[in-house]
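Structural overview for review
These are the residues of each chain, in order.
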Amino acid sequence: MEACELPMEIITYILSFLPIADRKEASLVNQTWYFAAQDTLRQESIFYNIPATSASLRTIQNLSRRHVCNVRMTSLDGSTTSRDIIKFVASFLGPHLRSLCLHGSSLTEANFSELLLACPCLTALDLSGCNSLFMSGTLLSKEETFLQAQETLINLQELNLSGVRYLSDLTFNRLTSCCPSLAKLSLARCHITFEVDTYYGSSNYNSSALLSFRNLLHFVRERASTMKALNLSGTSISSQAMKSLVQVENLCLQEMVLQACRDLTNEAVSILCQHQPHLTVLDLSGCSELSDRAVLVITSRLLSLQHLCLGKLPRVTDAGFQGISHLKQLQSLDVSECSLMRCSELVRAFGTVKGQPKLVSLNVAFCSLLRDNLVLSLAESLKSLRVLDLSSCVSITNRSIQAIASHLLLLRVLRLAWCKELTDWGLLGVEEPREERERAREKDAGPKFSRNFGNMGFFQPPPQDLEQDTQILIDIGKQDAQQKHKASLNALTRLQELDLTACTKLTDASIAKVIGFPELQRLSLSLVTNITDTSLTAIAQNCRSLEHLTLSHCTNLTDKGFMEAAGSLHRLQHLILSGCNQLTPRTLKAIGQECQQLKSLDVSMCSKISMTDVEHFQSQLPLQSQTSIQSRFVGGADLSITL
């Protein structure tokens, strides 16, 4: 039986196993496969970004045939184009929309009302940063509009009002009274008054001048049975306010986000954990007053936690994580930028857990005290990891990358930016010869002075070049192969994102041979100054799913490399080439001809590309193209970067 004769349901089921980019490609086979691919996309929470340009109008009409459910429109304003987009979305997409994001838009109340009332199935609404909408204080003040909004928003469960400066009790009450099913509310970075009682005991909370905690508390008490998630990030919530909030009768929160609440104390966290023990998501990143005491309380009382974010806590040490093994359901942990963390307690805890730990995401970026032996232990214990961020863990070496390649075979995201001790040997999975290690140590330590000036660094032998002397690898293989050869990076066949930014010791010897991942979508090699066109062409040929490629300040890349590579980068959407000083307009021409899906291109600080070249490139793009081009300091700006 031919594939085209298969029932639609079977094709849909098969395509559901493919990444989104592959499904898009599969949809081009024929009409049956097109509709099957669209069906699988509808089953997931995929957002369609609609730019505020006239080219979007036709796109909106086409999307209406797919019954798109989730739309993001950012930075809309009062222009004619924005008004047309709102009308088209309301007419063609409104009846099916379930999630609508208008982040940072400067909408008029009339345009917002027109759009909102055309979306009767909304379950999520994002109005973050929409300051103009709330500035006048008259939003939904007309009785007719208010009654219509009550019918439209009856099923709304998520409301995001983050960063709205002009939000007041009056407008907050009007909007939330239209949402009886609201379960998730974000007021991050809103100006909430916690200490002052402006109502002097009155229960009429309708100030048009401020947003008060007293009114928020009144709202939570009324919706306690349905409210499941709160985001109060960037506010000045105090211990007393926290106590009043979490003690509300019948309130059982599942998610609490308190990023950058700099007044939050250990006492407040203790109160939160005591009264809301069923939390599954807790984010306290950037709450700089917290210490080990807060972490100990979290790990002993919030036993249902699945996602815990404790990044940017300068007072937290390993001692705070002595009870981390109690969190049996933990799936993701973020301790990035905790500068006193060595992760020794994490190693001990995960190493003693009975059965396989459920952790799938670990972020220890900027934990500069982390060493190879601890990475090795973590890799052996956490074989289910999908995401690992070791960015700026400057002490880790080839041993760590080889341990990761040996044990974490399910990894999809690996970030190693600024791990400057990594070398070609590590990525290739070959143990570095002792002579090379000693030479590297001497180079890092600087010249040694003695009475007879016997070793001042003037007469060091040249380093071994893996490209010029491939016999090295063969010789090493003959010398105790089992001991010398480790797993190479290409063992991580499921990788979708790889960040090697500023790993300055890497060269073509490893990059061209190792980076060949069929599912890789994001790759960053910025500031890896030793790579040449050899690496670029190898990556293009072996990573056909690439959508984001960052190569800024890779100064050895030339037009020849891009002319060869561009033909293999058909899915590329975002390309960053800032500071690549050997590139000329020939590279722009090759990219424009081959990379038809390109959405953004950065050629800033490319000295051989002028503003005229950029304008010519833009003029050659199709009329419906929405490619954004960054071209700051093109044409010879003398801006150098020293690592």
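Residues numbered from 1 in each chain as written. Predicted model: local features only at pLDDT ≥ 70, side-chain atom pairs only at ≥ 80, totals over all residues. Heavy atoms only, no water.

Comments concerning the overall build of the protein
For the record, the criterion: Helix and strand labels come from DSSP, where a helix needs a run of H or I of at least four residues and a strand needs a run of E of at least two; each type is numbered from the N terminus. Using a 1.4 Å probe on the protein chains alone, a residue whose accessible area is under 20% of its type maximum counts as buried, one over 50% counts as exposed, and one in between counts as partly exposed. Any two residues whose heavy atoms approach within 4.5 Å are treated as being in contact. Only the protein chains shown count as cover for residues, and all accessible areas are computed by the Shrake-Rupley method using a 1.4 Å probe.
Along the protein, the regular secondary structure elements total 25 helices and 22 strands. Taken over 643 residues, the protein has a buried fraction of 50%. Counting contacts in the protein only where the partners sit at least 6 residues apart, residues at least 24 apart contribute 78% of the total. Of the roughly 30000 Å² of accessible surface on the protein, a fraction of 49% belongs to carbon and sulfur atoms.

Observations regarding the nonpolar core
Generally speaking, soluble globular proteins have nonpolar side chains that are buried together. Quick reminder of the rule: The term nonpolar core refers to a set of buried residues drawn from Ala, Val, Leu, Ile, Met, Phe, Trp, Tyr and Cys, joined through side-chain atoms within 4.5 Å.
Core analysis: the biggest nonpolar cluster contains 178 residues, and Met256, Leu414 and Ile515 have the highest contact counts within it. Residues contacting methionine 256, with those up to four places away along its chain left out, are Leu230, Leu232, Met242, Leu245, Leu272, Leu279, Val281, Leu282 and Asp283. Among the nonpolar cores identified, the runner-up in size contains six residues, and Ile11, Leu15, Ala26 and Trp33 belong to it.

Describing unusual backbone geometry
The phi torsion of most residues other than glycine is negative, and most of the peptide bonds are trans. With a phi angle near 65 degrees, phenylalanine 366 is a residue other than glycine that sits in the positive phi range. By the element assignment, phenylalanine 366 lies in the loop between strand S14 (361-363) and helix H15 (372-381).

Here's the deal with the pattern of salt bridges
Note the threshold: By definition here, a salt bridge exists when the distance from a side-chain nitrogen of Lys or Arg to a carboxyl oxygen of Asp or Glu is within 4 Å.
Counted according to the given criterion, the structure contains six salt bridges. With a closest N to O distance of 3.5 Å, arginine 315 and glutamate 289 form a salt bridge. One end of the pair, arginine 315, is in the loop between strand S12 (307-309) and strand S13 (332-334); the other, glutamate 289, is in the loop between strand S11 (281-283) and helix H13 (292-301), and 26 residues separate them in sequence. Take arginine 315: its relative accessible area is 45%, and that puts it in the partly exposed class. Close ionic contact of glutamate 421 with lysine 505 constitutes a salt bridge, the shortest N to O distance being 3.4 Å. Here glutamate 421, found in the loop between strand S16 (413-415) and helix H17 (424-428), pairs with lysine 505, found in the loop between strand S17 (497-499) and helix H21 (508-514); they are 84 residues apart in sequence, far enough to count as distant. Glutamate 421 sits in the partly exposed class, given a relative accessible area of 28%.

Some details on the packing of aromatic side chains
Using the following cut-off: Pairing of aromatic rings covers Phe, Tyr and the six-membered ring of Trp, with a centre-to-centre limit of 6.5 Å; geometry is then stacked below 30 degrees between planes, edge-to-face above 60, and tilted otherwise. Comment: the charge-over-ring label is applied if NZ (Lys) or CZ (Arg) is within 6 Å of the ring centre and within 35 degrees of the ring normal.
Throughout the structure, instances matching the rule amount to three aromatic pairs. Ring plane angle 75 degrees and centroid distance 5.3 Å describe the contact between phenylalanine 172 and phenylalanine 219, whose orientation is recorded as edge-to-face. With phenylalanine 172 in helix H9 (residues 169-176) and phenylalanine 219 in helix H10 (residues 213-222), this pair connects stretches of sequence that are 47 residues apart. We note that phenylalanine 172, like phenylalanine 219, is buried. Note that arginine 72 overlies the ring of phenylalanine 47, its terminal NZ or CZ placed 4.5 Å from the centroid.

Some remarks on the confidence of the model for the protein
Using the following cut-off: pLDDT expresses, on a scale from 0 to 100, how confident the predictor is about each individual residue.
Residues with a pLDDT of 70 or more make up 86% of the protein, whose mean pLDDT is 87. Under a pLDDT of 50 for its full length, residues 447-461 has, in the predicted model, 10 contacts with residues more than four places off or in other chains. Counting interchain partners and residues more than four positions distant, the pLDDT-below-50 stretch residues 638-643 has eight contacts.

Examining the packing of helix H12 (residues 266-275) against H13
Our working definition: Angles run from 0 to 180 degrees between N-to-C directions of axes, and those axes are lines fitted to C-alpha atoms, restricted for helices to the stretch in contact. Relative orientations are named as follows: roughly parallel for angles under 35 degrees, roughly antiparallel for angles over 145 degrees, roughly perpendicular for angles from 65 to 115 degrees, and oblique for any other angle. Gly falls in the polar group here, along with every residue not listed as nonpolar (Ala, Val, Leu, Ile, Met, Phe, Trp, Tyr, Cys, Pro) or charged (Asp, Glu, Lys, Arg).
One can describe the packing of H12 onto H13 by two numbers: an axis separation of 9 Å at closest approach and a directional angle of 5 degrees. One element, H12, and the other, H13, form an angle in the roughly parallel class. Here Asn266, Glu267, Val269, Ser270, Cys273 and Gln274 of H12 come into contact with H13, specifically with Arg293, Ala294, Val297, Ile298 and Arg301. When grouped by side-chain class, the residues that make up the contact of H12 with H13 number five nonpolar, three polar and three charged.

What to know about helix H16 (residues 398-407)
H16 sits mainly inside the fold: seven of its 10 residues count as buried. Where H16 is buried, its residues touch H15, strand S15 (387-389), S16 and H17.

Side note on the side chain of threonine 235
How we decide: For the purposes of these results, a polar contact is taken to be a pair of N or O atoms within 3.5 Å, where, inside protein, one atom must be able to donate a hydrogen and its partner to accept one; residues adjacent in sequence count only when each atom of the pair is a side-chain atom.
Mapped onto the elements, threonine 235 comes out in the loop between strand S9 (229-231) and helix H11 (239-246). Side-chain polar atoms of threonine 235 contact the backbone oxygen of leucine 232, separated by 2.7 Å. Those residues in contact with threonine 235 that lie beyond four places of it in its chain are Leu187, Arg189, Cys190, Ile192, Phe194 and Cys261.

Examining a nonpolar patch on the surface
Applied cut-off: To count toward a patch, a residue needs a relative accessible area above 30% and no salt bridge. Like charges then connect within 9 Å, nonpolar side chains (Val, Leu, Ile, Met, Phe, Trp, Tyr) within 5 Å.
A cluster of nonpolar side chains, namely Ile10, Tyr13, Ile14 and Phe17, defines an oily patch on the protein surface of about 450 Å² accessible area. Residue isoleucine 14 is classed as partly exposed on the basis of its relative accessible area, which comes to 46%.

Notes on the packing of H11 against H12
Where H11 contacts H12, the two axes come as close as 9 Å, and the packing angle between them is 5 degrees. Considered as vectors, H11 and H12 are oriented roughly parallel to each other. Contact residues: Ser239, Met242, Lys243 and Val246 in H11; Glu267, Ala268, Ile271, Leu272 and His275 in H12. Looking at the contact of H11 with H12, its residues break down into five nonpolar, two polar and two charged.

Things to note about H11
Note the threshold: Arc definition: directions from the helix axis to the C-beta atoms.
All buried positions along H11 are accounted for by Ser239, Ala241, Met242, Leu245 and Val246. Take H11 and look down its axis: the buried residues cluster within an arc of 160 degrees, on one side only. In the core, the buried residues of H11 are packed alongside H10, S9, strand S10 (255-257) and H12.

A word on the side chain of asparagine 215
By the element assignment, asparagine 215 lies in helix H10. Those residues in contact with asparagine 215 that lie beyond four places of it in its chain are Asp169, Phe172, Asn173 and Tyr205.

What to know about the environment of aspartate 424
Structurally, aspartate 424 can be placed in helix H17. We classify aspartate 424 as buried; its relative accessible area is 8%. Separated by 85 residues in the primary sequence, aspartate 424 and alanine 509 have C-alpha atoms spaced 6.4 Å apart. A polar atom in the side chain of aspartate 424 sits 2.5 Å from the side chain of serine 510.

Overview of the environment of threonine 152
Along the chain, the position of threonine 152 falls in helix H8 (residues 143-152). By relative accessible area, threonine 152 is classed as buried at 6%. It is 8.9 Å that separates the C-alpha atoms of threonine 152 and cysteine 179, two residues lying 27 residues apart in sequence. In contact with threonine 152, not counting residues within four places along its chain, are Leu116, Leu117, Cys119 and Pro120.

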